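Coordinate analysis (summary)
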Amino acid sequence: MVLVLIIGDLHIPHRAHDLPAKFRKLLVPGKIQQILCTGNVCDRETYEYLRTIAGDVYVVRGDYDESASFPPSATIVHTPIRIGVIHGHQCVPTGDLDALSALARQMDVDVLVSGHTHTFQAIEYDGRFFVNPGSATGAWTGSYNGEITPSFALMDIQGAVVVTYVYQLVEGEVRVEKIEYRKEVEAPKPAQSQSATSIPQSGVTPQNIPSSPQAGQTFW
């Protein structure tokens, strides 16, 4: 079981000054075990802030990230779930599910995390799960004329089940929604000399999951 923060498109300080204060109060050290960032972090201070939340941080390069050290994509495995992370500008048309599905097949992942649109999305499509955390700061984008809703997501990964919680700041209040994805896996055949035993799933809520941070890599 692992709790993963999905965040991206912060654009600090160019399009936003900081994360919303109510988001900062939620994102405290000791609860989140891993961070997957879709890019456009844009400054070192924001990257270092993410490392204070969890030591195990993966950042992919966005189209406005100046650090060439961020990779264009990343693949993270939480057996049996394979998660791919891209910024999303590789997808043409932007945010198109068929294009994202093709990228997911190329990366051989069950879950594809992408950003770039600044709009939250979590949807199962073509047997895979696609998550876009939106923009955590509500940064503007030229592809959308309306006001951007600040958002991020938490993934609670429990074996083949991924429970995604989206946090959105609407009219000054944080609203939370829950989406569940279950990967279809073949049940292992029990050994003939042993009886099969089932392992019950823990009922611990994401807020109570302790962290086990790993040493992060510095990109600046």
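Going by the annotation in an unreviewed UniProt entry, the name recorded for the chain is Vacuolar protein sorting-associated protein 29, with Suillus plorans given as the source organism. According to its UniProt record, the chain has this under Sequence similarities (unreviewed entry): "Belongs to the VPS29 family."

**Quick word on the packing of aromatic side chains**
Enumeration over the complete set of coordinates arrives at four aromatic pairs. Considering the side-chain rings of Y47 and F70, the 6.0 Å spacing of their centres and the 55° angle between planes classify their relative orientation as tilted. You can see Y47 sitting in helix α2 (residues 44–53) and its partner F70 sitting in the loop between β3 (57–59) and β4 (73–78), a full 23 residues away along the chain. Owing to a relative accessible area of 0%, Y47 belongs among the buried residues under this scheme. On the numbers, 5.2 Å between centres and 5° between planes, the contact of F129 with Y181 is stacked. Residue F129 is located in strand β8 (residues 128–133), and its partner Y181 is located in strand β11 (residues 173–182); the two are separated by 52 residues in the primary sequence. Considered together, F129 and Y181 belong to a single accessibility category, that of buried residues.

**Structural notes on the nonpolar core**
Nonpolar side chains in soluble globular proteins tend to end up buried together. Core analysis: the largest hydrophobic core is formed by 28 residues, its most contacted members being L5, I7, L27, I32 and I35. Going through the elements one at a time, β1 (2–7), β2 (34–37), α2, β3, β9 (151–158) and β10 (161–170) are the ones with two or more residues in this core. Ranked by residues supplied to this core, first place goes to β10 with five residues. Once you skip the residues sitting within four places of it in the chain, I35 turns out to touch L5, I7, L50, I53, A54, D56, V57 and Y58.

**Notes on the sheet that holds β11**
One open sheet holds the six strands; their spatial order is β3-β2-β1-β9-β10-β11, and the pairing between them is mixed. Both edges of this open sheet fall to β3 and β11, since each of them pairs with a single strand only. Across the sheet, the mean angle separating the axes of adjacent strands is 20° when strand polarity is ignored. Bridge count for β10 against β11 is ten bridges, and the pairing is antiparallel. If you follow Y165 over to β11, its bridge partner there is K178. The sheet strands contacting α2 are β1, β2 and β3, and the helix crosses β3 at an angle near 145°.

**Brief notes about helix α3 (residues 97–107)**
Among the residues of α3, those classed as buried are L97, A99, L100, S101, L103, A104 and M107. Here the buried face of α3 lies against β4, β5 (81–86), β6 (111–113), β7 (120–125) and β8. Directly after α3, the chain includes D108, whose backbone phi takes a positive value near 55°.

**Concerning the side chain of T117**
Relative to the elements of secondary structure, T117 occurs in the loop between β6 and β7. According to the relative accessible area criterion, T117 is buried, its value standing at 18%. Polar contacts involving the side chain of T117 include one to the side chain of N132, which spans 2.8 Å. Among residues more than four places away in sequence, those in contact with T117 are T94, G95, N132 and T141.

About the thresholds
- Every chain is numbered independently, its residues counted from 1 as its sequence is written.
- Reporting of local features is limited, given that this is a predicted model, to residues whose pLDDT is at least 70; pairs of side-chain atoms are given and counted only at 80 or more, and all residues count toward the totals for whole chains, interfaces and linings.
- Excluding hydrogens and water, the side-chain figures rest on all heavy atoms present in the structure.
- UniProt positions are given in the numbering used here, feature names are shortened, and annotations may be inferred rather than shown by experiment.
- When two rings of Phe, Tyr or Trp (its six-membered ring) have centres within 6.5 Å they constitute a pair, described as stacked for plane angles under 30 degrees, edge-to-face for angles over 60, and tilted for the intermediate range.
- The way it works is that DSSP assigns letters per residue, a run of H or I at least four long becomes a helix, a run of E at least two long becomes a strand, and they are numbered from the N terminus.
- The buried label goes to any residue with under 20% of its type's maximum accessible area, the exposed label to any with over 50%, and the partly exposed label to all in between, with areas taken from a 1.4 Å probe on protein chains only.
- Among buried residues, those of type Ala, Val, Leu, Ile, Met, Phe, Trp, Tyr and Cys that are joined through side-chain atoms within 4.5 Å constitute a nonpolar core.
- Whether two residues are in contact is decided by their heavy atoms, any of which lying within 4.5 Å being enough.
- By the convention used here, strands pair only if DSSP detects at least 2 bridges between them.
- Every angle, taken between N-to-C directions, lies between 0 and 180 degrees, and every axis is a line fitted to C-alpha atoms, over only the stretch in contact when it is a helix.
- A 3.5 Å cut-off defines polar contacts: any pair of N or O atoms within that distance qualifies, except that in protein one atom must be a possible hydrogen donor and the other a possible acceptor, and neighbouring residues in sequence count only when both atoms are side-chain atoms.

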